Structures are given as C-alpha cells and as structure tokens.
Amino acid sequence: KDGNYRLAQATLIWDDTMYKLYGISPEQFSGAYDAWQKSLHPDDMQNAIHALNLALSGVKKLDTTFRIITDIKEIKTIRVMASPHMENGTITRMVGLNWDVTELEKIEKLKILLGLVVTMNHEINNPLSVIIQALNMMTDPKYSINTLIAMAQESALRIKSLLLKLQSIEDV
C-alpha cells in the first residue's frame, strides 16, 4: 500500500500491494501520474486532484478519500495519507499509504440505514397507535365519530408523509 510520487519526473513508484489495490499489473502501469489519474472515478477526480495539489504545494498533508475504477470495472473507495518530502527547501516527492476502505464505507452506510429504520419505526408506531386508539373509541358513544375520524386521518397522513420521505432516500 506504499506509494511514492517523484515530482521532477512526475512518476509514481508503487509496491506490489498498490498494483493489487488498483487492480493492475506492473506491466500495465506506466508509472506516470496520468495513469493514476485515469483510474479515478469521474465524480471524485476533481477533489482527489485538488487534494493532491494542495499537498504538493505544501499547503497541507494529503489526507483524502476517493473512488477508483479498476480495469475490471470494480469501484473501490481508497483512503490516502501522504506527506511531502523536501530537499533544499523544495518538495521533491510525496510518500504515503493507500488502502481500500470500500467495506468500511458499506458498514457506515448500513449503520446509517439501521438508525433510519429505528427512527422510522418509532415515527410510524406513534401515529398507528393514535389510529388504533381512535378505532377503539368509535364504539364509545361519548366520542364524536367525526373527531375520531379526523384523528385517524391526520395520523394516516403522517404515516404517508414518513413513507414518502423514506422512498426519497437514495443510495444511503
């Protein structure tokens, strides 16, 4: 997972783990910066390059996450941390680590979904309880049918609104 970028030559030096991580063989990899850039997911390319440029300019260390697309069209989420190395006051190379955090990202998304399910369960149970209570009270002559129906309708609309919100959630 070790990567080394030499600025003067604009070359990347990778170990065997990096080739495996990016899904290419050493023979396929030219070592050129653009070979790395071509692996970037189009939606993440601008941010990944911007983060690298900030690090190369000495503004801050490289610490970012981006997606890549391997030769077999597998999408992976990669975490990168790298530091610039200086010689005579000039940044000459970046040395850092890359690792696959795809599964961690999936776990985080599942945690978010679980939290959403728990919240939705609570939010739907409350209006359902009101509907059930209103239906049970309909046999009691001291309650107005119209009031009970209004309570049930309001609670049913609340459930419908919650379900519409749930439908609108994309790719959590």
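Conventions and cut-offs
- Residues numbered from 1 in each chain as written.
- Predicted model: local features only at pLDDT ≥ 70, side-chain atom pairs only at ≥ 80, totals over all residues.
- Heavy atoms only, no water.
- Helix = DSSP H or I, 4+ residues; strand = E, 2+ residues; numbered from the N terminus.
- Rg over C-alpha atoms; globule rule 2.2 N^0.38 Å.
- Pairing = 2+ DSSP bridges.
- Phe/Tyr/Trp six-rings, centres within 6.5 Å; stacked < 30°, edge-to-face > 60°.
- Buried < 20%, exposed > 50% of the residue type's maximum accessible area, 1.4 Å probe, protein only.
- 1 Å grid on protein atoms, 1.4 Å probe; cavity = no way out; pocket = protein on both sides within 12 Å on 5 of 7 lines; lining within 4 Å.
- Points joined across faces, edges and corners; volume = space filled by probe spheres on them.

*Asks:* Would you take a moment to explain the overall build of the protein for this structure?
*Replies:* Of regular secondary structure, the protein possesses 5 helices and 5 strands. Helices (α) and strands (β) of the protein occur, in sequence order from the N terminus, as β-β-α-α-α-β-β-β-α-α. In terms of overall dimensions, the protein is more spread out than a globule: its C-alpha atoms have a radius of gyration of 27 Å, far above the 16 Å expected for 172 residues. The principal-axis extent of the C-alpha atoms belonging to the protein is close to 90 × 35 × 20 Å.

*Asks:* Just to check I follow, could you spell out the pairing of strand 5 (residues 90-100) for this structure?
*Replies:* When a strand is regular, its side chains alternate between the sheet's two faces. Relative to strand 5, strand 4 (residues 75-87) runs antiparallel, the two being bridged by 10 bridges. Each bridged residue has a counterpart across the sheet, and for M86 the counterpart in strand 5 is I91.

*Asks:* Looking at this structure, how should I read the packing of aromatic side chains?
*Replies:* Geometry of an aromatic ring pair is reported as the spacing of the ring centres plus the angle between the planes. A full pass over the atoms with the stated rule returns 5 aromatic pairs. A centroid spacing of 5.9 Å and a plane angle of 70 degrees characterise the contact between Y19 and F29, whose relative ring orientation is edge-to-face. Taken together, the residues span a long stretch of sequence, with Y19 in helix 1 (residues 16-22) and F29 in the loop between helix 1 and helix 2 (33-39) at a distance of 10 residues. The exposure class assigned to Y19 is buried, which follows from its relative accessible area of 14%. For F29, a relative accessible area of 9% puts it in the buried group. Members of the aromatic cluster, joined through ring pairs, are W14, Y19, Y22 and F29.

*Asks:* So what exactly am I meant to see when it comes to the layout of surface pockets here?
*Replies:* Empty space among the atoms becomes apparent when a probe as large as a water molecule is rolled across them. Reported here for the largest pocket is a volume of approximately 220 Å³. As for the largest pocket, its lining consists of 14 residues, and the residues nearest its centre are I24, A35, K38, S39 and D71. Here the element with the most residues in the lining of the largest pocket is helix 2; it accounts for 4 residues.

Everything listed here is a matter of coordinates, which is why it stays silent on function.
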